[in-house]
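Overview (structure and organization)
Chain residues, written in single-letter form:
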Amino acid sequence: MDRSQLRNLIDSGRAIALDCFAIGKTIPADDAVGMLFKTDVMNKSVLMKKYEPSLPTARQPVIVTTVVYFPYDFENVYEGGESLSFNDVGFHNDLSFKIAKGNTSDDLQQRINADMETLNLIDSMHSLDPFLFKSKAEQREVDSEIHDSYFAISAKEWDKIRLPIREKISKLVSKALGSLGSDDENEAREQYVERFLMKIWEAKDVNGIEPFIKAMQIEEERAPEVFFAWKAVCYYQVRFNDMLEALKTMFQWVGHSQLCFPADFVSVSKEELDQIREKRDILRNKMREGYINAHKVISEYEHSYNQFVDNDRPQTFMSFLENAENSYLLLANHVSIGTHSVNLWKWYVEQYGAELRYTQFKELFDGLNTLYSVDNTATYI
């Protein structure tokens, strides 16, 4: 991956890339919470999520890989570097060797082990969206150990996302529990609903909400992750709706054969132009598929929710909960890629206009192709 692609991937949003060095520089040395990792090398890394389609027979529809990228130049992360995949069997040993160069003291090994715990937390997420990162940290009860700078979400933005999700969950829980009758009973019911809501929102355990778990036919040991996935689907529904107009505008640009082409094409070789046309067709198909798949998941969720809340038919929603983790995974893939793509496209169009000359067009075009895995050869080296 060349410098412009690497820059575009890192700078176009937080859903796919987390620049630990850039964030760490904003945290004072004497800060009580401090940086994300315990080792200097990890605090100078960039964390990335890479999405690849899985085989049709696979249990999960998408393979998500957590990649740790170590720049050669920490002050200029775009100049290239080395990368390790967290999912590789030898990752722990490779990381230890990179940090300690084979001379690991007990203290350093303990810090490396602590960093592995943090990486396990990050790997458990399907994307690096600040809202979900904070939610996952709260679920694991480590949010107080992570500086707010890494969550990169204000209290106002947090509430803007949180409140409609809580309202949606609350309405469904109220429906599931039913009405008790008298004012005193309804007051008790409201308290009961709030307790249920907090349990589902926190997604830590099921103590006290076992009847709901049983009624929804959820396996007790799976319930916390099912609830987290449910919240994540609600989050991505909000994100998808927020970016929908911008996404459609970007699609129109990519679908326009004059705009999505170098303005100075007469100075570009025929071979290069043919390659652009070929990749453009693939990019359009992948964008269309991504939109259709994300919209399908959200529509199925909304239908199952309305069937339960409006029509007293919980079966469809119960089926949704059974498959909520795959729904979360699909949305993390399509909405995260869409978010980065829109941010990237907007930046180039605002800087250079809708009709781009070859150099700027190629940077944007290659960036979009990388995000949508058109080449399927992207590396971070």
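Each remark here, short or long, concerns the structure printed above.
The structure reproduced in this document is the subject of the present report. (Residues numbered from 1 in each chain as written. Predicted model: local features only at pLDDT ≥ 70, side-chain atom pairs only at ≥ 80, totals over all residues. Heavy atoms only, no water.)

**Observations regarding the pairing of strand S3 (residues 62-71)**
- S3 sits mainly inside the fold: nine of its ten residues count as buried.
- Sheet topology note: the strand S2 (residues 46-53)/S3 ladder contains eight bridges and is antiparallel. By the bridge assignment, Leu47 is partnered in S3 with Val68.
- Sheet analysis places S3 next to strand S4 (residues 81-85), joined by five bridges and oriented antiparallel. Each residue of the ladder has a partner; that of Val67, found in S4, is Ser85. (Buried < 20%, exposed > 50% of the residue type's maximum accessible area, 1.4 Å probe, protein only. Helix = DSSP H or I, 4+ residues; strand = E, 2+ residues; numbered from the N terminus. Pairing = 2+ DSSP bridges.)

**Details of helix H8 (residues 155-177)**
- The terminal C-alpha atoms of H8 lie 31 Å apart, and with 23 residues this matches the ideal 33 Å at 1.5 Å per residue to within 8%.
- Considered for burial, the residues of H8 that qualify are Trp158, Ile161, Arg162, Ile165, Arg166, Lys168, Ile169, Leu172, Val173 and Ser174. (Expected span 1.5 Å × (residues − 1).)

**Section: the side chain of Asp264**
- Residue placement: Asp264 occurs in the loop between helix H11 (223-255) and helix H12 (270-311).
- Note on Asp264: relative accessible area 14%, which makes it buried.
- For Asp264, the side chain forms a polar contact with the main-chain nitrogen of Tyr358, separated by 2.8 Å.
- If we ignore the near neighbours within four places in the chain, the residues touching Asp264 are Arg357 and Tyr358. (Polar contact = N/O pair within 3.5 Å; in protein donor to acceptor, adjacent residues only side chain to side chain. Contact = heavy atoms within 4.5 Å.)

**Side note on the pattern of salt bridges**
- For the coordinates displayed, the defined rule picks out 19 salt bridges.
- For Glu302, the salt bridge identified is with Lys168, shortest N-O distance 3.1 Å. Placement of Glu302 in helix H12 and of Lys168 in helix H8 is noted, with a sequence separation of 134 residues between them.
- Between Lys199 and Asp205 there is a salt bridge, with the nearest N and O atoms lying 2.5 Å from each other.
- Of the residues examined, Lys199 reaches a relative accessible area of 19% and is grouped as buried.
- For Asp205, a relative accessible area of 28% puts it in the partly exposed group.
- One network of salt bridges, in which partners are shared, links Arg222, Glu322 and Glu325. (Salt bridge = Lys/Arg side-chain N within 4 Å of Asp/Glu carboxyl O.)

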